[in-house]
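# Structural characterization, general
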Amino acid sequence: MQIQNRNKLNGVGDAVGKAKKKTSGETLWKSGIDKTVDKSFQDSLKRSMNLESSVKESVYTEKNAQAEKNAQAEKKAQAEKSVQAGRNVQAERNVQAEKDVQADRNMRAGRNVQAEKNVQADRNMRAGRNMQADRNMQADKNVQAESNVSVEKGMRVGQAVRWGEEVDVRRIPYGECDKVELNVLEGYTLKAKLETGIEGRQGMGSYVYVEKKQEDGSVKACLFDVAGLQENSQDAMERIAYAAVYGARQNGRT
């Protein structure tokens, strides 16, 4: 009985020992598993952290690259704007320079036109002066010619003082005559008229115009100066001229 009980006790001890060994082994196994799991978790967490850090770094790098690209694009755009602004300024300067050149050309052209107008005006003035001088010269010539004609007429009138110059027939009416004489025997008619306003002479009765008409119808006219008339002249025309002057003096007309 004691032996059996011991065997039982031993069996129980062995079982307990086995159980303890089993429990201890399981604990060690579990502890190893826990360590393995913890290390794996830590490795996974580390990898995740590294991945996150890498992603963050990649994102940061990409952002920096994008920002740099944007900055570079902005610089490029700014540079293009500056270049375009410079081109615009240069274009405006070129346009202004062209305008200035055109304005200078127009000014020069205007000056040339004005100068040409002045030259033409001067030519016209000179031509007008020359024309006026020609006119004045022609007028002087005409005056001189008229003076010569007057002198010639005066000379002719002066000759009439002495000789009774024959002049153009005017066929004066009987009512305007100062003296009329009809000579039936010799067949002529005489008409005398005292003249006034004869060119080169002044005063009423300075001259006597006499017409002599023959029976055949022919007419002759002479002009006599009063101062040269002779009462007993052999010329019938001079005698009637004298009679006309004498009759006018008797009537108080001269």
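Scroll up to find the structure this text is about.
Residues numbered from 1 in each chain as written. Predicted model: local features only at pLDDT ≥ 70, side-chain atom pairs only at ≥ 80, totals over all residues. Heavy atoms only, no water.

What follows is about a nonpolar patch on the surface. Residues Phe41, Leu45 and Met49 make up a contiguous nonpolar surface patch of roughly 320 Å² in combined accessible area. With respect to the helices, strands and loops of the structure, phenylalanine 41 is situated in helix α1 (residues 2-163). (Patch = residues over 30% accessible without salt bridge, like charges linked within 9 Å, V, L, I, M, F, W, Y side chains within 5 Å. Areas by Shrake-Rupley, 256 points an atom, 1.4 Å probe, with all protein chains shown as cover. Salt bridge = Lys/Arg side-chain N within 4 Å of Asp/Glu carboxyl O. Helix = DSSP H or I, 4+ residues; strand = E, 2+ residues; numbered from the N terminus.)

The next subject is the packing of aromatic side chains. A ring pair, where both rings are aromatic, is described by two values, the distance of the centres and the angle of the planes. Considering all chains together, one arrives at zero aromatic pairs under this definition. The side chain of arginine 170 reaches across the aromatic face of tyrosine 209, ending 3.9 Å from its centre. The positively charged end of lysine 212 is found above the aromatic ring belonging to tyrosine 188, 4.5 Å away from the centroid. (Phe/Tyr/Trp six-rings, centres within 6.5 Å; stacked < 30°, edge-to-face > 60°. Lys NZ or Arg CZ within 6 Å of the ring centre and 35° of its normal.)

To continue, consider the side chain of glutamate 238. Along the polypeptide, glutamate 238 turns up in helix α2 (residues 236-250). An unpaired buried charge is present at glutamate 238: no salt bridge exists, and arginine 239, the closest side chain of opposite charge, is 8.1 Å distant. Setting aside residues no more than four positions away along its own chain, glutamate 238 makes contact with Phe224, Gly228, Leu229, Gln230 and Ser233. (Buried < 20%, exposed > 50% of the residue type's maximum accessible area, 1.4 Å probe, protein only. Lys, Arg positive; Asp, Glu negative; His and termini not counted. Contact = heavy atoms within 4.5 Å.)

What follows concerns the nonpolar core. Within the largest apolar cluster, 17 residues are counted, with the highest numbers of intra-cluster contacts made by Val208, Val210 and Phe224. Those elements that place two or more of their residues in this core are β3 (188-195), β4 (207-214), β5 (219-225) and α2. Among the elements that make up this core, the one with the highest residue count is α2 (seven residues). (Core = buried A, V, L, I, M, F, W, Y, C linked by side-chain atoms within 4.5 Å.)

All right, on to α2 then. In a regular helix each residue adds 1.5 Å, so 15 residues correspond to 21 Å; α2 covers 21 Å between its end C-alpha atoms and thus fits that length. For α2, the complete set of buried residues consists of Ala236, Met237, Glu238, Ile240, Ala241, Ala244, Val245 and Ala248. Its side-chain oxygen placed 3.1 Å from the backbone nitrogen of methionine 237, aspartate 235 serves as the N-cap of α2. Taken from the residues just after α2, glycine 252 is the one with a positive phi, measuring 75 degrees. (Expected span 1.5 Å × (residues − 1). Polar contact = N/O pair within 3.5 Å; in protein donor to acceptor, adjacent residues only side chain to side chain.)

Taken as a whole, this structure holds three salt bridges when the rule is applied. Here glutamate 195 makes a salt bridge to arginine 170, at a shortest N to O gap of 2.0 Å. Here arginine 170 lies in the loop between β1 (165-167) and β2 (179-183) and glutamate 195 lies in strand β3, a separation of 25 residues in the sequence. A residue is classified by how much of its surface remains accessible, and arginine 170, at 43% relative accessible area, is partly exposed. Residue glutamate 211 is joined to lysine 191 by a salt bridge in which the shortest nitrogen-to-oxygen separation is 3.7 Å. You can see glutamate 211 sitting in strand β4 and its partner lysine 191 sitting in strand β3, a full 20 residues away along the chain. Residue glutamate 211 is classed as buried on the basis of its relative accessible area of 3%.

So, about the side chain of lysine 193. If you trace the backbone, lysine 193 turns up in strand β3. Put simply, lysine 193 is tucked away with no salt bridge, and the nearest opposite charge, on glutamate 195, sits 4.3 Å away. Setting aside residues up to four positions removed in sequence, lysine 193 forms contacts with Ile172, Glu176, Asp178, Tyr207, Val208 and Tyr209.

So, about the pairing of β3. Counting buried positions along β3 yields eight of eight residues, so the element is predominantly enclosed. Both faces of β3 are covered, namely the face carrying Tyr188, Leu190, Ala192 and Leu194 and the face carrying Thr189, Lys191, Lys193 and Glu195. Here β2 folds back onto β3, and the loop between the two strands holds four residues, one of which, glycine 187, carries a positive phi near 75 degrees. In terms of strand pairing, β3 meets β4 through eight bridges, oriented antiparallel. Looking at β4, one finds that glutamate 195 is bridged to tyrosine 207. (Pairing = 2+ DSSP bridges.)

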